[in-house]
Amino acid sequence: MSSVGNDRGAQLGFSGALLIAICHFTAYVDRAIPAVFAPALRAEFSLTDTQIGLLQGPAFVVTYAMVLLIVGTSHNRLPLAPVAALCMLGWTVACLVFALAADIETLMASRLMLGFAQAAFGPTALVILAASSPQDRLGRSTALFTAGSATGRSGALIIGGGLLAALTGAGWFSGLEPWRMAVILMTLPNLVLAWLLWRRIRATASPAPRRRGLRAAIRHIATMPALALHVGAGVAVILLIQAGAGWAPSVLNRSLQLTPATSAWTVGLVVLVAAPTGHLAAGRWLDRQVAMGKSIAPGMVWGAALAICGAALMATGDQIVLVLAGLFLLTAGGGAAALTALGGLAPVTTSGMHGSVVSVYLAACALLGTGLGPVLTGVLSDTLFPHAGGLASALFLTIAIAGAAAILLSLAGAAGWRRLAAER
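What you are looking at is a predicted structure, and each value in this text was computed from that prediction instead of being measured.

*Asks:* Just checking my understanding: could you explain the side chain of Gln289 for this structure?
*Replies:* Relative to the elements of secondary structure, Gln289 occurs in helix 14 (residues 260-291). Setting aside anything within four residues of it in sequence, one finds Gln289 in contact with Lys294, Ser295 and Ile296.

*Asks:* What should I look at first to understand the packing of aromatic side chains in this one?
*Replies:* The geometry of two aromatic rings is summed up by the distance between their centres and the angle between their planes. Counted under the stated rule, the structure contains three aromatic pairs. Judged by centre distance (6.1 Å) and plane angle (80°), the rings of Phe98 and Trp179 are edge-to-face. Here Phe98, found in helix 6 (residues 80-99), pairs with Trp179, found in helix 10 (residues 178-187); they are 81 residues apart in sequence, far enough to count as distant. Summarising the burial analysis for this pair, Phe98 and Trp179 share the class buried. Three or more aromatic residues joined by ring pairs form one cluster here, namely Phe45, Phe98 and Trp179.

*Asks:* In this structure, what is going on with the confidence of the model for the chain? I would like to understand it.
*Replies:* This prediction gives the chain a mean pLDDT of 83; 83% of its residues lie at or above 70. Mean pLDDT in the chain bottoms out at helix 8 (residues 121-132), which sits at 64, and peaks at helix 15 (residues 297-314), which reaches 95. Note that pLDDT drops below 50 for residues 1-10; the model gives that stretch 32 contacts with residues more than four away or on any other chain.

*Asks:* Would you mind showing me how to read the packing of helix 18 (residues 373-383) against helix 19 (residues 390-423) here?
*Replies:* To characterise two packed helices, one gives the angle between the axes of the helices and the distance between these axes. At a minimum axis separation of 8 Å, helix 18 and helix 19 run at an interaxial angle of 130°. Taken together, the axis directions place helix 18 and helix 19 in an arrangement best described as oblique. Like other packed secondary-structure pairs, helix 18 and helix 19 cross with a definite hand, here right-handed. Across the interface between the two elements, Gly373, Leu376, Thr377, Leu380 and Ser381 from helix 18 touch Gly390, Leu391, Ala394, Leu395, Leu397 and Thr398 from helix 19.

The rules we used
Residues numbered from 1 in each chain as written. Predicted model: local features only at pLDDT ≥ 70, side-chain atom pairs only at ≥ 80, totals over all residues. Heavy atoms only, no water. Helix = DSSP H or I, 4+ residues; strand = E, 2+ residues; numbered from the N terminus. Contact = heavy atoms within 4.5 Å. Phe/Tyr/Trp six-rings, centres within 6.5 Å; stacked < 30°, edge-to-face > 60°. Buried < 20%, exposed > 50% of the residue type's maximum accessible area, 1.4 Å probe, protein only. pLDDT = per-residue confidence, 0-100. Axes fitted to C-alpha atoms, helices over the stretch in contact; angles between N-to-C directions. Parallel < 35°, antiparallel > 145°, perpendicular 65-115°, else oblique. Left-handed = near helix turned anticlockwise from the far one by under 90°.

Structure, rendered in structure tokens:
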């Protein structure tokens, strides 16, 4: 959202930072709901893969990106505590609307609401980390934050899959389908977290600082080709990650004939291990590269290459060991590349521009990465691979294209990024 002084990081303390990380985790839990319950949604509403992809991507990112750009690069001085708490309350209401939806139009509307409510969270937390973390540990601090988002997706799969398994056939809530009740139970803890967040951040008594505008941030990126190439590579990485995250449970459901609940928690367990592995390893590596003045392009290249190899293994067919090994590589490699892309922004932007540049970057990731990844996979599945195992092939094609783009863009901007980092 903005640049902040070091005093805010000190005032917030570990408990406050942990609370923000937990809220970030829950944001991604709620964001992943369509992926968790995709088989149930497909069956109840007779949805195509393209429509499910629209729910996961464009229906969320349209409002998310718009509000992110306005809030993240504006000059307003709105107090942080009530804004953050209202965001959580807003996206909780959106999830409840999703759970009670009677048609595809209401499902879409609830996702638009979710994007609107969640937009202000990411930039704020990232700039607080940049302001309050020692320079030689910024990569690791950012890695902890980004690992929270990845574990949020796995948390959604584990919690959602577990609830779906427990509620299916139990007859506890005869008026609601099991997936609907599972969404409600997953969402209600947000009310407590919103109250705690409001109290904790209000106690810092820190006003929201001023921010550079949207035009200045875009001009800053556009006039530095190396930074623009780095941003493009990061967007491509997010596209392949979101495609994999959105469709992995459905791939297991169709390719391995696992139940929707089993598919969800199986993917969740793999991601729970693979995501922190990729993020945290990349964070330590990134700190060393920046400290030594070296290029960070290898982190992007190797991460994207591992993700492509993982997607290829997932498309091999009905061997569960190969499919799960592929999912691990896709998640760990994609996570390492994503952390490198995000962590690589701070060394090449000034403190006054960092918050606005991050906001523009996250908006681009949302529009082009989250917005295109799931829906592109769905379109390829419906058109090019309409057979039973075609979804895994469509996912591989999406990830291969995005991964190749990330590798080429990262290599093209490597030397320029290193020069910018030295100047900063």
